[in-house]
Amino acid sequence: MKIEQIYTGCIAHAAYYIESNGEAAIVDPLREVQPYIEKASKDNAKIKYIFETHFHADFVSGHLDLAKKTGASIVYGPTAKPNFDCIVATDGQEFKVGGVTIKAIHTPGHTLESTCYLVTDETGKQHGIITGDTLFIGDVGRPDLAQELVEDLTQEILAGHLFDSLRNKIMPLSDDLIVYPNHGAGSACGKNMSKETTDTLGNQKKVNYALRADMTKEEFIKELLDGLTPPPAYFPQNVLMNIQGYESLDAVMSKAETPLHPKEFEAVANQTDALVLDVRNENDFVKEHVPGSIFIGLHGQFAPWVGALIRNTKQPILLITPEGKEVETITRLSRVGFDNTLGFLLGGIEAWKAAGYEIDSIESISPEVFAAQYETAQVIDSRKPGEFTAEHVVNAKNIPLDYVNEQLAEVPKDEKFFIHCAGGYRSVIMSSILKARGYHNMINVEKGMAGIRTTDVPLTAYVCPSTLK
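Residues numbered from 1 in each chain as written. Predicted model: local features only at pLDDT ≥ 70, side-chain atom pairs only at ≥ 80, totals over all residues. Heavy atoms only, no water.

**Considerations on the packing of helix α7 (residues 249-256) against helix α11 (residues 326-335)**
Piece 1. Where α7 meets α11, the closest approach of the two axes is 10 Å, and the angle between their N-to-C directions is 135°. On the basis of the axis angle, α7 is oblique to α11. The chirality of how α7 crosses α11 is right-handed. Along the contact surface, α7 presents L249, M253 and A256, while α11 presents V327, I330, T331 and S334.
Piece 2. Looking at side-chain class alone, the contact of α7 with α11 contains five nonpolar, two polar and no charged residues. (Axes fitted to C-alpha atoms, helices over the stretch in contact; angles between N-to-C directions. Helix = DSSP H or I, 4+ residues; strand = E, 2+ residues; numbered from the N terminus. Parallel < 35°, antiparallel > 145°, perpendicular 65-115°, else oblique. Left-handed = near helix turned anticlockwise from the far one by under 90°. Contact = heavy atoms within 4.5 Å. Nonpolar A, V, L, I, M, F, W, Y, C, P; charged D, E, K, R; others polar.)

**Remarks on the pattern of salt bridges**
Piece 1. One pass over the structure, following the stated rule, counts 25 salt bridges.
Piece 2. For the salt bridge of E32 with R335, the shortest nitrogen-to-oxygen distance reads 2.5 Å. Placement of the pair is E32 in the loop between β3 (23-27) and α1 (34-42) and R335 in helix α11, with a sequence separation of 303 residues.
Piece 3. On the basis of relative accessible area, R335 is assigned to the buried category, the value being 11%.
Piece 4. In this structure, the salt-bridge partner of R332 is E328, at a minimum N-O distance of 2.9 Å. Here R332 pairs with E328, and both are found in helix α11, just four residues apart, close to one helical turn.
Piece 5. For R332, a relative accessible area of 8% corresponds to the buried category.
Piece 6. Residue E328 is classed as partly exposed on the basis of its relative accessible area of 31%.
Piece 7. Connected through shared salt-bridge partners, R212, D214 and E223 make up one network. (Salt bridge = Lys/Arg side-chain N within 4 Å of Asp/Glu carboxyl O. Buried < 20%, exposed > 50% of the residue type's maximum accessible area, 1.4 Å probe, protein only.)

**A short note on helix α5 (residues 217-225)**
Piece 1. The complete set of buried residues in α5 reads F220, I221, L224 and L225. Seen end-on, α5 carries its buried residues on one side only, within an arc spanning 110°. Exposed residues pointing more than 90 degrees away from the buried face of α5 are listed as E218 and K222.
Piece 2. Positive backbone phi, at 80°, marks G227, one or two positions downstream of α5. (Arc of directions from axis to C-beta.)

**Details of the domain arrangement of the chain**
Piece 1. Taken domain by domain, the chain holds domain 1 (2-237), domain 2 (247-355) and domain 3 (364-467).
Piece 2. Centre-to-centre, using C-alpha coordinates, domain 1 lies 37 Å away from domain 3. (Domains from an automatic or database assignment.)

**Re the UniProt feature "domain: Rhodanese" (unreviewed entry) in the chain**
Piece 1. With numbering aligned to this structure, UniProt lists the feature "domain: Rhodanese" (unreviewed entry) at residues 270-361 and 373-461.
Piece 2. Counting secondary structure, residues 270-361 comes out at 38% helix and 16% strand; the distance between its end C-alpha atoms is 21 Å.
Piece 3. Between the end C-alpha atoms of residues 373-461 there is a gap of 22 Å, over a span that is 27% helix and 16% strand. (UniProt positions renumbered as here; feature names shortened; annotations may be inferred.)

**Observations concerning the state of the cysteines**
Piece 1. Per the counting criterion, the structure on display carries zero disulfides.
Piece 2. Not engaged in a disulfide, the cysteine C189 finds its nearest cysteine sulfur in C10; these two sulfurs lie 14 Å apart. (Disulfide = S-S within 2.5 Å.)

**Here we look at helix α6 (residues 235-244)**
Piece 1. Three or more residues of α6 are buried, namely F235, N238, V239, M241, N242 and I243.
Piece 2. A positive backbone phi angle near 105° is found at G245, which sits one or two residues after α6.

**Here's the deal with the environment of M449**
Piece 1. As for its position among the elements, M449 is in helix α16 (residues 448-452).
Piece 2. You can call M449 buried: its relative accessible area is 0%.
Piece 3. Along the primary structure M449 and G77 are separated by 372 residues, whereas in three dimensions their C-alpha atoms are 45 Å apart.
Piece 4. In this view, M449 contacts R383, E391, H392, V393, H420, C421, A422 and L459; residues no more than four positions away in its chain are not counted.

**A word on the sheet that holds strand β4 (residues 46-51)**
Piece 1. Across the sheet, six strands lie side by side as β1-β2-β3-β4-β5-β6; this open sheet has mixed pairing. Two strands close off the open sheet at either side, each with one partner strand: β1 (2-8) and β6 (87-88).
Piece 2. Pairing of strand β2 (residues 13-20) with β3, which is carried by five bridges, proceeds in the antiparallel orientation. Across the sheet, the residue bridging to S20 is E23, located in β3. (Pairing = 2+ DSSP bridges.)

**A short note on the nonpolar core**
Piece 1. By size, the foremost hydrophobic cluster in this structure holds 75 residues, and its most contacted members are L277, I296, L309, I429 and L434.
Piece 2. Per-element tally for this core: the top contributor is helix α10 (residues 302-310), with seven residues.
Piece 3. Counting residues in each nonpolar core, the second largest holds 26 residues, with I129, V140, F220 and I221 among its members. (Core = buried A, V, L, I, M, F, W, Y, C linked by side-chain atoms within 4.5 Å.)

**Details of the packing of α1 against helix α2 (residues 63-70)**
If you want to describe how two helices pack, look at the angle between their axes and the distance between the axes.
Piece 1. At a minimum axis distance of 10 Å, the contact between α1 and α2 shows a crossing angle of 40°. When the interaxial angle is binned, α1 and α2 end up oblique. The crossing of α1 and α2 is right-handed. Here Q34, Y36 and I37 of α1 lie close against α2, whose contacting residues are L66, K69 and T70.
Piece 2. When its residues are assigned to classes, the contact of α1 with α2 shows three nonpolar, two polar and one charged.

Next comes the structure, spelled out in structure tokens:
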């Protein structure tokens, strides 16, 4: 038996490839399915099943394209009702992949259809359990995502289901089972996941707060819901795409891979009300960019930030990318359901300038210059609330990038202000959003808190994040 975790860091996602005796299965595939097809081909294996642990909210699965290209059957757990042909497994139903047995274990809680898959090897030994978003390393799945689809299905009800699923279906299993979750640190599908992407079930029983043997259901629900922030706006849109279906990635790419000369680029932008998305490095964007464009750098957690900040997956998008990064950018947008890319600026910002069009910039200063000026204006910290609480510039105001759309009224409109984050990436994203909305008085602090800490700017006393609720 071969079982391989295929981890994609930018969305903190793990897909799984299982192969035995010439047959293969893919669990929770990404939107781009060709790598799975090629992997099976190298093993002289036929993809027989595509197992889905639930209707994903944070990315669009590749299940439909993969099934169409390989003839594999899509498998969901009990209660799933997708708008396409699939196998809806019963609780405990077993599937054969070569000599391997894969058993569906219904574990409602994260969502009602959430299902884990117990993998038993050719010798009959239980090897591991693919837990989807039911059980993470150090955490469990958030129970509030299904509320968008079923109004009376509260997060408290789902949290109670999750408690029962963990106690009755997962914890009784063997301690030496390997836990294979769907996500790792950085995903918005949980609160505090570990950077590790696998562990033994026995160790998780020792260290995962949600698996404490002496925990009551009431305590579990309270701890699970405590500090749970609102999910990103694109989550329910991705759920619906995964349930209802979507345009094939091949068609999306064909439309999006359209090179546009500057004049064409401007015309399309004006005719379609497209958002101009610049994915270059933040330092390049600060120096020069197309007026009104939004920055979200490809080198950071690109797709999740796109989903959190652009909000509507049907938004028309025009791209400005580093040379040769067009296909990667379109692919990563499609992973979170942004399928309406209309093309990219051929020749990038240099071609735009050469054509005689205006450029814009963001005022940006070093941490040392900030140290000499910080008392002259409001300081806005664009990091997450937990980061801010742990340590921040004295008298700074926290407006997290995640919620800039909701907190615009708190941003000084007619007064100069400084803006920073942890390292310089998020503050430029936020500055670009503010500038596009008519705020022209912000000054970005390069290197963020990492640079500020090297100066004499007064900071609050540090509080270890692990002690914060």
